[in-house]
Amino acid sequence: MNEDVRTHQILDFGSMEDKIIVLESLSQSSDQETINKIISKLDDSEIEVRGEAFSSLFLNKNDISEFLIDALSSESNNIKGFSALVLANRGDSNAISILELLTKDSSGMVRSCALGALGHLRAKKASKKIHNCIFDTNIEVKKSAAYATILIGEKFSDQEKKELKKYHDSDFEKILRY
């Protein structure tokens, strides 16, 4: 049996332990099909497998940005959100414009990850989108937007401060002290 086929079968049907071993061995792959299979494991039912897939993609020294950027349009919220974070951790500023679009995603988790990625990338050009999310209905999105605002080196407007203070949340209190 072809080694790639066996590897993909393990990733699809193997035990958690076998999937993790395979993902560890694939951290330097440049094969598009393999990279896409690793990206698909960001949506695995086991958190340990998702974490190992994240690590494998993050540690990959090859130019896999195109595959990760393509993953931002996945139907899976886990794949979109975690791909955004992998791109940010890899320092890939090519993804900024697509990450900006994800700040309007229907999933709060995806919006939060996109904002975290924009902040981590110090995406000052996304300033308006980041500030707008301070008024999001989801508190985790608000926190991500507030933290991203600090990371891009901007101040909060009086209206934004008022919005964050109304929650009496310790995270917001720490953020506002910056």
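What you see is a predicted model, and the numbers here were worked out from it, not measured in a lab.

(A) Structural detail: the nonpolar core. In terms of nonpolar packing, the biggest core is built from 49 residues, with Ile 39, Leu 57 and Leu 99 touching the most fellow members. With residues up to four places along the chain from it excluded, the contact list for Leu 99 reads Leu 72, Ala 84, Ala 114, Ala 117, Leu 118 and Leu 121.

(B) Up close: the layout of surface pockets. Of the volumes computed, that of the largest pocket is approximately 150 Å³. In terms of lining residues, the largest pocket is bounded by Ile 150, Gly 153, Glu 154, Lys 155, Phe 156, Lys 161, Lys 165, Leu 176 and Tyr 178. A breakdown of the residues in the lining of the largest pocket according to their chemical character gives four nonpolar, one polar and four charged.

(C) Structural view of the pattern of salt bridges. Using the criterion set out here, one finds 11 salt bridges in the structure. Lys 41 serves as the salt-bridge partner of Asp 44, at 3.5 Å between the closest nitrogen and oxygen. The class of Asp 44 is buried, set by a relative accessible area of 6%. What makes Lys 41 buried here is its relative accessible area of 8%. For Lys 142, the salt bridge is made with Glu 163, and the minimal N-O distance between the two is 2.4 Å. Of this pair, Lys 142 sits in helix α10 (residues 139–151) while Glu 163 sits in helix α11 (residues 158–165); the two residues are 21 residues apart in sequence, bridging distant segments of the chain. The structure contains a network of salt bridges with shared partners spanning Glu 140, Lys 143, Asp 169 and Asp 171.

(D) Structural view of helix α4 (residues 47–59). The end-to-end C-alpha separation of α4 is 18 Å, in line with the 18 Å expected for 13 residues at 1.5 Å each. Among the residues of α4, Val 49, Arg 50, Glu 52, Ala 53, Ser 56 and Leu 57 are the ones counted as buried. Buried residues of α4 fall within an arc of 165 degrees about the axis and therefore sit on the same side. Residues of α4 that are buried make contact with α2 (16–25), α3 (32–40), α5 (65–71) and α6 (77–89).

(E) Quick look at helix α1 (residues 3–13). Here α1 has its buried residues at Thr 7, His 8, Ile 10 and Leu 11. Taken end-on, α1 shows its buried residues confined to a sector of 155 degrees, consistent with a single buried face.

Parameters and conventions
Residues numbered from 1 in each chain as written. Predicted model: local features only at pLDDT ≥ 70, side-chain atom pairs only at ≥ 80, totals over all residues. Heavy atoms only, no water. Core = buried A, V, L, I, M, F, W, Y, C linked by side-chain atoms within 4.5 Å. Buried < 20%, exposed > 50% of the residue type's maximum accessible area, 1.4 Å probe, protein only. Contact = heavy atoms within 4.5 Å. 1 Å grid on protein atoms, 1.4 Å probe; cavity = no way out; pocket = protein on both sides within 12 Å on 5 of 7 lines; lining within 4 Å. Points joined across faces, edges and corners; volume = space filled by probe spheres on them. Nonpolar A, V, L, I, M, F, W, Y, C, P; charged D, E, K, R; others polar. Salt bridge = Lys/Arg side-chain N within 4 Å of Asp/Glu carboxyl O. Helix = DSSP H or I, 4+ residues; strand = E, 2+ residues; numbered from the N terminus. Expected span 1.5 Å × (residues − 1). Arc of directions from axis to C-beta.

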